[in-house]
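Coordinate inspection notes
Spelled out from the first residue to the last, the chains are:
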Amino acid sequence: MKETDIKYLAGLLDADGSFFFNYSANRAYLTIALDLSTGIDKDCEYTNWLCKEVGVKPCIHKRELNAKDSMSIKIVISKRSAIETLVPRLVKYLVIKGGHLNRLYSKWQEVRGRRLTDEEIEELKEFTKISRKEVGPVKAKEWLPKAYVAGFLDGDGCYTMKKSSGTYNISTISEVGDRIVADLLFKQYGGKLYYQENWIRWRHPLGRTNKSFAIKFLRDMHRHSRLKRHKIEQFLHYHSQRLTEEPPTGEVIV
């Protein structure tokens, strides 16, 4: 994978990924899991590409609540060679879960291949829970790479286009404990932060009153996005129209 692919994957994993240990025959296996859906990766193009790169097969199944809903996609990586290749590259760019993955990786290097006692496994499970609560990167971040931002927005971002009300924006939602990315997005791009119970939202308008920002931002995201490029293209098409042109009614939210 190219470095921009790693940066993008780091953003996507900070949004929709998890890091933990799986256990088999009292041995611990460090695991990277990514949750997607065919609603966002419609042709499984990114899923198939990523799985080929890391040498795994995706698990695709129907959502339980409604058979008409999109299919769930789960990508699970625990093969030793893939972990040893990916983790040292990912931890440099992860913002929310960087320290967490780095701690698990160090612990995995201590215990891998060894049969653990039941007590050791329970201690490892508790270690993992505590580690996840310690949010933050391995090294402090002052700036987010564009490919990382595109990945994070492809996971936890929402490009909203409500033409009938003239609402055009990009927003993210995170638990307050994971607010570090929202804060960095606000610092890097401006916009506003909103609080709602245990959640924090970052939002930036992308309408014609913010046209110069919107076009540059959208082009940057389009260059790196793998899952929401078609939505970004709708925004770019909107901004390419003449200012006097009356926009059609309807809305698009993703």
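Below: a short report on this structure. (Residues numbered from 1 in each chain as written. Predicted model: local features only at pLDDT ≥ 70, side-chain atom pairs only at ≥ 80, totals over all residues. Heavy atoms only, no water.)

**As for helix 6 (residues 146-156)**
The following threshold applies: Any residue under 20% of the maximum accessible area for its type is buried, any over 50% is exposed, and the rest in between are partly exposed; the area is computed with a 1.4 Å probe on protein chains only. Helix and strand definitions follow DSSP, with helices as H or I runs of at least four residues and strands as E runs of at least two, each counted in order from the N terminus. Whether two residues are in contact is decided by their heavy atoms: any pair within 4.5 Å suffices.
Burial within helix 6 is extensive, with 9 of its 11 residues counted as buried. If you follow the buried residues of helix 6, they end up packed against helix 1 (3-16), strand 5 (157-162), strand 6 (167-175), helix 7 (180-189), strand 8 (199-205) and helix 8 (211-224).

**Observations concerning the sheet that holds strand 4 (residues 71-77)**
Put simply, the rule reads: At least two bridges found by DSSP between two strands is the condition for calling them paired. Helix axes are fitted to C-alpha atoms over the stretch in contact, other axes to C-alpha atoms as well, and angles between N-to-C directions run from 0 to 180 degrees.
Strand order in the open sheet formed by 4 strands is 1-2-4-3, with antiparallel pairing between adjacent strands. Strands with a single pairing partner mark the edges of an open sheet, and in this sheet they are strand 1 (17-24) and strand 3 (59-62). Each neighbouring strand pair of the sheet contributes to a mean axis angle of 30°, computed without reference to strand direction. Two strands pair when backbone bridges link them, and strand 1 and strand 2 (residues 27-37) are joined in this way by 8 bridges, in the antiparallel orientation. Looking at the pairing, serine 18 lines up with alanine 33 of strand 2. In the packing of helix 4 (residues 98-111) onto the sheet, contacts are made with strand 1 and strand 2, and the angle to strand 1 comes to roughly 20°.

**Here's the deal with the packing of aromatic side chains**
Spelled out, the test is: When two rings of Phe, Tyr or Trp (its six-membered ring) have centres within 6.5 Å they constitute a pair, described as stacked for plane angles under 30 degrees, edge-to-face for angles over 60, and tilted for the intermediate range.
Per the counting criterion, the structure on display carries 11 aromatic pairs. Pairing tyrosine 168 with phenylalanine 235 gives two aromatic rings, centres 6.3 Å apart and planes at 80°, and the pair type is edge-to-face. Here the residue tyrosine 168 occupies a position in strand 6, and phenylalanine 235 occupies one in helix 9 (residues 229-240), the gap between them amounting to 67 residues. Judged by relative accessible area, tyrosine 168 falls into the buried class, the value being 7%. Taking the relative accessible area as the measure of exposure, phenylalanine 235 reaches 2% and is therefore buried. These aromatic residues form a ring-pair network of at least three members: Tyr159, Tyr168, Phe235 and Tyr238.

**A closer look at helix 9**
The criterion, for reference: For a helix, the expected span equals 1.5 Å multiplied by the number of residues minus one. The arc in question is the one traced by the directions running from the helix axis out to the C-beta atoms.
For helix 9, spanning 12 residues, the distance from its first C-alpha to its last is 16 Å, which sits close to the expected 16 Å at 1.5 Å a residue. Within the sequence span of helix 9, burial applies to Lys231, Ile232, Phe235, Tyr238 and His239. Take helix 9 and look down its axis: the buried residues cluster within an arc of 115°, on one side only. Among the exposed residues of helix 9, those pointing more than 90 degrees away from its buried face are His237 and Ser240.

**Quick notes on the environment of isoleucine 73**
Relative to the helices and strands, isoleucine 73 is located in strand 4. With a relative accessible area of 1%, isoleucine 73 lands in the buried category. Through-space distance from the C-alpha of isoleucine 73 to that of arginine 203 is 27 Å; in sequence the pair is 130 residues apart. Apart from the residues lying within four places of it in its own chain, the contact partners of isoleucine 73 are Leu34, Asp35, Leu36, Ser37, Thr38, Asp41, Cys44, Thr47, Pro58, Cys59 and Ile60.

**A short note on the layout of surface pockets**
The condition that has to hold: Here a cavity means grid points, on a 1 Å grid over the protein atoms only, where a 1.4 Å probe fits yet cannot get out; a pocket means an open set of points with protein on both sides within 12 Å along at least five of seven lines; lining residues are those with an atom within 4 Å of a point. Grid points are joined across faces, edges and corners, and a volume is the space filled by probe spheres set on the points. Gly counts as polar in this scheme, as do all residues outside two lists: the nonpolar Ala, Val, Leu, Ile, Met, Phe, Trp, Tyr, Cys and Pro, and the charged Asp, Glu, Lys and Arg.
When its volume is computed, the largest pocket comes out at roughly 290 Å³. Lining the largest pocket are 15 residues; nearest its centre among them are Asp41, Glu45, Arg226, Leu227 and Arg229. Of all the secondary-structure elements, those providing two or more residues to the lining of the largest pocket are helix 2 (45-54), helix 8 and helix 9. Among the elements that take part in the lining of the largest pocket, helix 8 stands out by supplying 3 residues, more than any other. Taken together, 18 residues make up the lining of the second largest pocket; nearest its centre are Asp14, Ala15, Lys97, Arg132 and Asp178. Among the secondary structure elements, those contributing two or more residues to the lining of the second largest pocket are helix 1, strand 1, helix 5 (118-133), helix 6 and strand 6. For the lining of the second largest pocket, a count of residues per class yields 6 nonpolar, 5 polar and 7 charged.

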